[in-house]
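# Per-entry structural report
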Amino acid sequence: MVVKDELTKLGLHYTVVELGEADIMENITEEQHDQFKLALLKSGLELMDDKKAVLIQKIKNVIIELAHYSEEPLTINFSDYLSQKLNHDYTYLANLFSEVQGTTIEKFLITHKIERVKELLVYDELSLTEIAYNMHYSSVAHLSTQFKKVTGLTPSYFKKLKDKRRSMLDEV
């Protein structure tokens, strides 16, 4: 809404305003650009001019959406999914992401999946088997191996630490 309001104040017309993207119908002057950028900064938002930075952010958004909010398993490889979603060759996306972020798309995805697994373990509503299924791991063993590789802990030990900390807080 902030983006739409600021575009309207500047007399600019838009066709689409979505998370991280706005299509403006007319050519924007340098003065309008600067005013828009300043208005967004005042609202805690950032105008991203660099097309590569925008693409990196889109990659991150797809991964975060997939790891934290998607319930449906992918029916195609993640690389194909990302390529289709962003209309770019996966090799280009992977090279750009690695160059700018200093990590691979795969590691970024795994990190976010493990963060989601940690949340689910802390909520303590699902068994490890259910978590593995919901997070689209092929097995509990695969999830456990990846979890330990990222955190240095097994999922069950992580859960015990959380329980121990909670019981110590109860004693206060």
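Note that residues are indexed from 1 along each chain, following the sequence as it is written. This being a predicted model, a pLDDT of at least 70 is required before a residue's local features are given, and a value of 80 or more before pairs of side-chain atoms are given or counted; all residues contribute to the totals for chains, interfaces and linings. Side-chain numbers here rest on the full set of heavy atoms in the structure, without hydrogens or water.

The subject of this paragraph is unusual backbone geometry. Of note in this structure, Asn87 is not a glycine but carries a positive phi near 55°. With respect to the helices and strands, the residue Asn87 is situated in the loop between α4 (78-86) and α5 (90-101). The classification of residues rests on relative accessible area computed with a 1.4 Å probe and restricted to protein chains. Under 20% of the type maximum is buried, over 50% is exposed, and intermediate values are partly exposed. Given the relative accessible area of 67%, Asn87 is considered exposed. One non-glycine residue with positive phi stands out, namely Asp124, at about 60°. Take Asp124: it is sitting in the loop between α6 (105-123) and α7 (128-134). The exposure class assigned to Asp124 is partly exposed, which follows from its relative accessible area of 41%. Only DSSP runs of H or I with at least four residues qualify as helices, and only runs of E with at least two residues qualify as strands; both kinds are numbered from the N terminus onward.

Moving on: helix α2 (residues 30-42). In this analysis, the expected span of each helix is defined as 1.5 Å times one less than the number of residues it contains. With 13 residues, α2 should cover 18 Å at 1.5 Å per step; its first-to-last C-alpha distance of 18 Å lies within 8% of that length. All of the buried residues in α2 are Gln32, Phe36, Ala39 and Leu40. Viewed along the axis of α2, the buried residues span an arc of 100°, placing them on a single side of the element. For α2, exposure combined with an orientation more than 90 degrees from the buried face picks out Glu30, Glu31, Leu41 and Lys42. In what follows, residue pairs with any heavy atoms lying within 4.5 Å of each other are defined as contacts. Lining the buried residues of α2 we find α1 (2-9). Gly44 sits one or two positions beyond α2 and adopts a positive phi of about 85°. It is the directions from the helix axis to the C-beta atoms whose arc is reported.

Before going further, it helps to examine the environment of Gln84. Among the secondary structure elements, Gln84 is positioned in helix α4. By relative accessible area, which is 54% here, Gln84 ends up exposed. Between the alpha carbons of Gln84 and Ile131 there is a distance of 27 Å; along the sequence they are 47 residues apart.

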